[in-house]
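Structure assessment
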Amino acid sequence: MIVEQVNLHNGTGLGLNFNMHNAPIIVIKADKGFVMCGYLDINAANKLDDAAAKVKGVNSFEDVLNAEIIEASQPAKEMGIDTGMTGKEALEKMF
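Residues numbered from 1 in each chain as written. Predicted model: local features only at pLDDT ≥ 70, side-chain atom pairs only at ≥ 80, totals over all residues. Heavy atoms only, no water.

Overview of the side chain of Ser73
Rules: Here a strand is any run of E in DSSP of at least two residues, a helix any run of H or I of at least four, and the numbering for each starts at the N terminus. Contacts are residue-level and defined by heavy atoms, with any inter-residue pair within 4.5 Å sufficient.
Counting through the fold element by element, Ser73 comes out in the loop between strand 6 (71-72) and helix 3 (74-78). Contacts of Ser73, omitting those with residues within four sequence positions, involve Ile42, Ala45, Asn46, Asp50, Ala51 and Ala52.

Regarding the environment of Phe95
Following the sequence through the fold, Phe95 ends up in the segment after helix 4 (87-92). Separated by 83 residues in the primary sequence, Phe95 and Thr12 place their C-alpha atoms 8.7 Å from one another. Those residues within four positions of Phe95 in sequence are excluded, and the remaining contacts are Leu8, Asn10, Gly11, Thr12, Gly13, Ala30, Asp31 and Lys32.

This is the structure in structure tokens:
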């Protein structure tokens, strides 16, 4: 498992990268939410009332920052996060 600080303009996120057999599970957490890879479920985030945004096809923290958001939980949408923005743009709103 790789744990790394991810420096952004509005704060410092915590990146977690757990290598599985075929693809990694990657999450970058900010103070008020997180951006996750396609391995994880946006419905679970909604049920838990977490601000979460999902990207896919990522293999590194840099990929997560540059990837396009494909789904966002309702709490994330209430923060102004929506599909089409980058992972970095979403994370900046989560501080």
